Amino acid sequence: MNIIDVGLNFNGSLTYENNPQEIVLHHAEASNCTVQDIHSWHLANGWLGIGYHFFINKQGNIYRGRPENAVGSHCPKHNSISLGVCFEGDFMTENMTQEQISAYKELIKYIRAKYGDIPIYGHKELYSTECPGNNFPLEAFKDIVVNNISEIGWHKDATGWYYLTNTQGWYYKDSWQKIDGEWYSFDSEGYARQFVWLQDQAKWYYLKDNCKMAKVEWLWVDGECYCFNEHGELYVDCFTSDGYRVDQTGAWIQ
Ligand SMILES: [Zn+2]
């Protein structure tokens, strides 16, 4: 990995007392900018210069800001115990480029090799701010390192099951997905729905304890028995394909 040093001049003496124990992620909140731009903006704040230690542009180039051992200026109360990493872009409205994601992974490898498996935070987790923006893939970026997850496929954390679709930490969310012949429904956080009813296009579906969509089967749920067709749709107010009567809620009429 190449860290580009453009030779920024700091306006005074930096304090070389930084002891990195965490990584704090930021966005530039600017669609197009260079490491020099950020340096000049921070000089204009009356600071010594760029407050971050690293900057990753949209092409995936990694630039050095402050030296790693210099106290930063990017997150109050964390400046002497962290490394600040800033990404070009405004992730309230934009999405990160694939090049930035790849560069981020390389940078994290570099940082971990030097400082150990230190935790990663988004700026907004440590300070009242929207940084690094709603579209920033914060959970994926944290998971990549904290759990060292990079394998495509199913993974489980304290909240539930999720499915990584590539080694950059992208995962299914807000959608139905057919995986190994079974249908699953992922919520907006990326977790597979489990033990719940779901209404979609006026049809009712049920996601079972193993997250699989119920289909071509009868299921007992909260004391009632329900039947699902080959598409996973609940039979409602009709006779099922095997000839039983169900009511308007889909419950079997005994
Ligand atoms: Zn920030």
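Residues numbered from 1 in each chain as written. Predicted model: local features only at pLDDT ≥ 70, side-chain atom pairs only at ≥ 80, totals over all residues. Heavy atoms only, no water.

Regarding the environment of threonine 34
To be explicit about the condition: By definition, any uninterrupted DSSP run of H or I lasting at least four residues is a helix, any uninterrupted run of E lasting at least two residues is a strand, and each is numbered from the N terminus. Residue burial is assigned from relative accessible area. The probe radius is 1.4 Å, only protein chains are included, and a residue is buried under 20% of its type maximum, exposed over 50%, and partly exposed in between.
Positionally, threonine 34 belongs in the loop between strand E2 (22-27) and helix H1 (35-44). According to the relative accessible area criterion, threonine 34 is partly exposed, its value standing at 36%.

Some details on the nonpolar core
Inclusion rule: The set of buried Ala, Val, Leu, Ile, Met, Phe, Trp, Tyr and Cys residues whose side-chain atoms join them within 4.5 Å is what this entry labels a nonpolar core. Note on definitions: a residue-residue contact is assigned when non-hydrogen atoms from the two residues lie within 4.5 Å.
In terms of nonpolar packing, the biggest core is built from 22 residues, with Leu25 and Phe87 touching the most fellow members. When contributions to this core are tallied by element, the ones reaching two or more residues are E2, strand E3 (54-56), strand E5 (82-87), helix H2 (98-115) and helix H4 (138-146). Looking at this core, the element that brings in the most residues is H2, giving six residues. Beyond its immediate chain neighbours, meaning those up to four positions away, phenylalanine 87 contacts Leu25, His26, His27, Ala28, Phe55, Ile56, Met96, Gln100, Tyr104, Phe136 and Phe141. In terms of nonpolar packing, the next biggest core, distinct from the first, is built from 11 residues, Ala30, Ile50, Tyr52 and Tyr63 among them.

Comments concerning the pattern of salt bridges
Here is the rule: What makes a salt bridge here is a side-chain nitrogen of Lys or Arg within 4 Å of a carboxyl oxygen of Asp or Glu, nothing more.
Across all of its chains, the model carries nine salt bridges by this definition. With a shortest N-O distance of 2.5 Å, glutamate 94 and lysine 58 are connected by a salt bridge. Highlighted residues: glutamate 94 in the loop between E5 and H2 and lysine 58 in the loop between E3 and strand E4 (62-64), separated in sequence by 36 residues. On the basis of relative accessible area, lysine 58 is assigned to the buried category, the value being 17%. Residue glutamate 68 pairs with lysine 114 through a salt bridge whose shortest N-O separation is 2.8 Å. Pair noted here: glutamate 68 is in the loop between E4 and E5 and lysine 114 is in helix H2, with a separation of 46 residues, a long-range link.

Concerning the environment of aspartate 90
The test is simple: Two N or O atoms form a polar contact when they lie within 3.5 Å of each other; inside protein one atom must be a possible hydrogen donor and the other a possible acceptor, and for residues adjacent in sequence the pair counts only when both atoms belong to side chains.
Its location among the elements puts aspartate 90 in the loop between E5 and H2. Remark: the alpha-carbon pair of aspartate 90 and glutamine 194, spanning 104 residues in sequence, is separated by 34 Å. In contact with aspartate 90, not counting residues within four places along its chain, are His27, Glu29, Ala30 and Ser31. A distance of 3.0 Å separates a polar atom in the side chain of aspartate 90 from the backbone nitrogen of methionine 92.

Some words on the UniProt feature "domain: Peptidoglycan recognition protein family" (unreviewed entry) in the protein
As a reminder, the rule being used: UniProt positions are given in the numbering used here, feature names are shortened, and annotations may be inferred rather than shown by experiment.
The residues that UniProt annotates with the feature "domain: Peptidoglycan recognition protein family" (unreviewed entry) are residues 1-127. The span residues 1-127 carries 25% helix and 18% strand; its end-to-end C-alpha distance comes to 30 Å.

Quick word on the domain arrangement of the protein
In plain terms, the rule: What fixes the domain bounds is an automatic or database domain assignment.
Taken domain by domain, the protein comprises domain 1 (3-146) and domain 2 (175-246). For domain 1 and domain 2, the distance between their C-alpha centres works out to 44 Å.

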